[in-house]
Amino acid sequence: MISQPTVFFAQPPQQDNYRLLRIYAWYRALLASLLFGMFAADIVSNVLGSVNPALYGYTVEIYTLISLATLARVLLIHQAPATRYIFIVCLIDIVALSIIMNCSGGIATGLGLLIFITVAASSIFLQGQIATLLAALACIAILTESLVSAYLGRKEVNPLAVGLLGLLLFVTSLLFQY
């Protein structure tokens, strides 16, 4: 009997998208609740919402509500999520985190690093071009945030930091796709 050689990595590993999405939904709900709670309690007022507190407050409230609704949906409906649903969830994260970053002082605050988790998660859930599209949209959101901040004269923009963050978003997307 001749056995056929085992082919490793010929197909992507099977993954339980529902379980991973449940973990990601818990992360989103916890993150949004923490951002809202710290802002409401005025714990880190020199960072969170320091540039535009009203917009930050509205954004983080809506983001918290959406995150909690997403968590409830994931916990109540026990089925594999659709690609469109995951794409919309990740897109909401990118937009909300970009607005939160802008209202808090831009890329220098480090809040832009939270977008890495969204890009990595989207690359695990979504394969190929769609995951790369979300990385590109995240990069455009960060570029837009820095251009708006520079145009409004709120701060000096470091183009090297913005460019490196965009490059690292693409690298993250490619590393987490399998």
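Heads up: the structure comes first, above all this text.
Reading guide: rules and limits
For every chain, the first residue of the written sequence is number 1, and numbering continues from 1 along that sequence. Selection of residues for local features in this predicted model requires a pLDDT of at least 70, selection of side-chain atom pairs for listing and counting requires 80 or more, and totals for whole chains, interfaces and linings are taken over all residues. Side-chain numbers come from the whole structure's heavy atoms, not from hydrogens or water. Each helix corresponds to a stretch of at least 4 residues labelled H or I by DSSP, and each strand to a stretch of at least 2 residues labelled E; elements are numbered beginning at the N terminus. Residue burial is assigned from relative accessible area. The probe radius is 1.4 Å, only protein chains are included, and a residue is buried under 20% of its type maximum, exposed over 50%, and partly exposed in between. Think of a nonpolar core as a cluster: buried Ala, Val, Leu, Ile, Met, Phe, Trp, Tyr and Cys residues, connected wherever their side-chain atoms sit within 4.5 Å. A contact between two residues is defined here by any heavy atoms of the two lying within 4.5 Å. Here, axes are lines fitted to C-alpha atoms. For helices the fit covers the stretch in contact, and angles between N-to-C directions go from 0 to 180 degrees. In these notes the angle categories are as follows: under 35 degrees is roughly parallel, over 145 is roughly antiparallel, 65 to 115 is roughly perpendicular, and the rest is oblique. By convention, the crossing between two helices is left-handed when the near helix turns anticlockwise from the far helix through less than a right angle, and right-handed when the turn is clockwise. Residues are grouped as follows: Ala, Val, Leu, Ile, Met, Phe, Trp, Tyr, Cys and Pro are nonpolar; Asp, Glu, Lys and Arg are charged; all remaining types, including Gly, are polar.

Caption draft 1: Here's a closer look at the overall build of the protein chain. On a plain count of helices and strands, the protein chain comes out with 6 helices and 0 strands. Helices and strands appear in the protein chain in the N-to-C order α-α-α-α-α-α. For the protein chain, the C-alpha atoms occupy an extent of roughly 75 × 40 × 25 Å along the three principal directions. Within the protein chain, the fraction of its 178 residues that count as buried is 39%.

Caption draft 2: A look at the nonpolar core. The biggest cluster of nonpolar side chains holds 42 residues, and the ones touching the most others in it are I115 and I142. Of all the elements, helix α3 (residues 83-104) adds the most residues to this core, at 10 residues. Aside from chain neighbours lying at most four places away, what touches I142 is M101, I107, I115, V162, L165 and L169.

Caption draft 3: Here's a closer look at the packing of α3 against helix α5 (residues 129-151). Packing of α3 against α5 brings their axes to within 10 Å, and their N-to-C directions diverge by 20°. Classified by the angle their axes make, α3 and α5 are roughly parallel. Regarding α3 and α5, the two cross each other, and that crossing is right-handed. Note on element contacts: α5 touches α3 through I130, L133, L134, L137, A138, A141, I142, E145, V148 and S149, opposite T83, F87, C90, L91, I94, S98, M101 and N102. In terms of residue class, the contact of α3 with α5 is built from 13 nonpolar, 4 polar and 1 charged.

Geometric values such as these leave the question of function open.
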